[in-house]
Every structure is written in C-alpha cells, then in structure tokens.
Amino acid sequence: MAAAPAAYAQDASTGAVTEDAESMESLLARLSTAEDPEAATIASDIRARWADSGSATLDLLMRRAQAALDAGENDLAVWHLSTVIDYDPDFMLAYTRRAQAFLRSGQAGQAAADLGYVLQHMPENFDALRLLGLTFDIIGDTEAARVALRRALDVYPAMTNAREALERLEPTLDGTAI
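Computed from a predicted structure; not experimentally measured. (Residues numbered from 1 in each chain as written. Predicted model: local features only at pLDDT ≥ 70, side-chain atom pairs only at ≥ 80, totals over all residues. Heavy atoms only, no water.)

Visitor: Would you mind showing me how to read the overall build of the protein chain here?
Guide: Scanning the protein chain from terminus to terminus reveals nine helices and two strands. Helices and strands appear in the protein chain in the N-to-C order β-β-α-α-α-α-α-α-α-α-α. Of all 178 residues assigned to the protein chain, the portion counted as buried reaches 39%. In the protein chain, the share of contacts with a sequence separation of at least 24, taken over all contacts with a separation of at least 6, comes to 48%. Surface exposure of the protein chain reaches about 9500 Å², of which carbon and sulfur atoms provide 51%. (Helix = DSSP H or I, 4+ residues; strand = E, 2+ residues; numbered from the N terminus. Buried < 20%, exposed > 50% of the residue type's maximum accessible area, 1.4 Å probe, protein only. Contact = heavy atoms within 4.5 Å. Areas by Shrake-Rupley, 256 points an atom, 1.4 Å probe, with all protein chains shown as cover.)

The following block contains the structure:
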C-alpha cells in the first residue's frame, strides 16, 4: 500500500508552509483515548488521509461512486469502485466503499471479501471493521459481528454507530430474545 501523503499546515507567525509530522500511528493512538468531539475530529483527519488517492482521475471516480451510492445505484457504484481498484489496487477506500455497495445490494459474501482484503492491509481501519460487523450480522453470525464491532471500538472507542450496533446485538449473545 502506498504511504499516506503528508499533511501540510501554515505557520501563523511566519506564513511558511510546514509538513505536519503527525503520523497515522500517532493519530490512531490519540483516537483510542479521545472522547467526542475530539475523537470525531481525529477520525475525520484519518478518513481524509485514507481518502487521498493522489490522483484527480481516481478522485473523480470516487465522487461518482459516492453519488451512485447516495442515489441507491449500487451496481453503478460497484462499477466505478471496481474501476478505481483496477487502476490502483492499493487504494483501500475503494474496497471499503465497494463493500458498502455490495452490502446494499444483498451481496454479503462479496462485501466480506473486500473488507477482509482491507483489514489484511489496514487492521486498524475502524470503518471496515464496523462494516464487517454489520456484514456478519446480516448473514446471521452474531458472534463474529460482535468481535468485529468490539475491534472497531478498540480502535475508535467513541464510534457511536459501532457502539449502537454492538448494543443491539448484546441481548442475542446471552441467549435472551430481542
């Protein structure tokens, strides 16, 4: 996988542009202990780095894929995202978004395959972990869903939608009917 591009900031006192030296590892470490709203800001910074393809063409295809997802055109989203993956097989966000499109179109197996690929390369990808939890829930593997969601919360403890999904699953884990 290609290294994430450096972020840049402007020094207020000199006006000089300097490289932001905070590494992805540092951001993830901060995320693991932060509470909202700081956690949401850190997660947004991480997602922005994950979304930086470094290519105007791939960025255009990703915008078209997101527009298709937003419009419920899952097959078109899969097509755009597959094109991105063909051009850059190391761009993990394309796999995560394609998994989302697969899930929306009822193809949980395809979604799980894409998410598994992402997690092989980025085991700390909290969005992929959350989606994997939802995928396991859809196919009826509550225990695997719980494990994936707990792992997402290990990385990003303030992730509200993962916590809510886990709380929804908890009554089924102790044998209590919902």
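Additional details are given in the paragraphs that follow.
Visitor: Whenever I open this one, the pattern of salt bridges confuses me. Can you help?
Guide: Proximity of charged atoms lets side chains of opposite charge pair with each other. If you walk through the whole model with that rule in mind, you get seven salt bridges. Ionic pairing is found between Arg-47 and Asp-127, a salt bridge with its closest N-O pair at 2.7 Å. Here the residue Arg-47 occupies a position in helix α2 (residues 38-51), and Asp-127 occupies one in helix α7 (residues 126-139), the gap between them amounting to 80 residues. Accessibility expressed as a relative area gives 32% for Arg-47, which makes it partly exposed. With relative accessibility at 15%, the residue Asp-127 sits in the buried group. The closest approach of N and O atoms between Arg-150 and Glu-170, which form a salt bridge, is 3.1 Å. Taken as a pair, Arg-150 in helix α8 (residues 142-155) and Glu-170 in helix α9 (residues 160-173) lie far apart in primary sequence, 20 residues in all. Given a relative accessible area of 36%, Arg-150 falls into the partly exposed group. (Salt bridge = Lys/Arg side-chain N within 4 Å of Asp/Glu carboxyl O.)

Visitor: Looking at this structure, I do not really get unusual backbone geometry. What am I missing?
Guide: If a residue is not glycine, its phi is most likely negative; likewise, a peptide bond is most likely trans. That bond from Asp-36 to Pro-37 is cis: its omega, 10°, falls within 30 degrees of zero. Position of Pro-37 among the secondary structure elements: in the loop between α1 (24-31) and α2.

Visitor: For this particular structure, what's the right way to read the nonpolar core?
Guide: In a soluble, globular protein the nonpolar side chains are often hidden away together inside. Core analysis: the largest hydrophobic core is formed by 54 residues, its most contacted members being Leu-31, Ile-46, Phe-126 and Tyr-156. Top element by residues in this core is helix α5 (residues 92-104). It accounts for eight residues. Beyond its immediate sequence surroundings of up to four residues, Tyr-156 is in contact with Leu-31, Asp-36, Ala-39, Ala-40, Ala-43, Arg-47 and Phe-126. (Core = buried A, V, L, I, M, F, W, Y, C linked by side-chain atoms within 4.5 Å.)

Visitor: Honestly, the packing of aromatic side chains in this entry has me stumped. Any pointers?
Guide: The description of an aromatic ring pair rests on the distance of the ring centres and on the angle between the ring planes. In total, this model carries three aromatic pairs according to the counting rule given. Plain terms: the ring middles of Trp-50 and Phe-126 are 5.0 Å apart, the flat faces sit at 40° to each other, and that makes the pair tilted. Here Trp-50 is found in helix α2, whereas its partner Phe-126 is found in helix α7, with 76 residues between them in sequence. Of the two residues, Trp-50 and Phe-126, both sit in the buried class. With 4.6 Å between their ring centres and 40° between their planes, Tyr-95 and Tyr-117 make a pair best called tilted. (Phe/Tyr/Trp six-rings, centres within 6.5 Å; stacked < 30°, edge-to-face > 60°.)

Visitor: In this structure, what is going on with helix α6 (residues 108-121)? I would like to understand it.
Guide: Each α-helix turn comprises 3.6 residues. Residues three or four places apart therefore point the same way. Counted at 1.5 Å a residue, the expected span for α6 with its 14 residues is 20 Å, and the 20 Å between its end C-alpha atoms agrees. Within α6 the residues assigned to the buried category are Ala-108, Ala-111, Asp-114, Leu-115, Val-118 and Leu-119. Summarising the axial view, the buried residues of α6 lie within an arc of 135°, below the 170-degree limit, and thus occupy one face. Residues of α6 that are exposed and point over 90 degrees away from its buried face: Gly-109 and Gln-120. Where α6 is buried, its residues meet α5 and α7. (Expected span 1.5 Å × (residues − 1). Arc of directions from axis to C-beta.)

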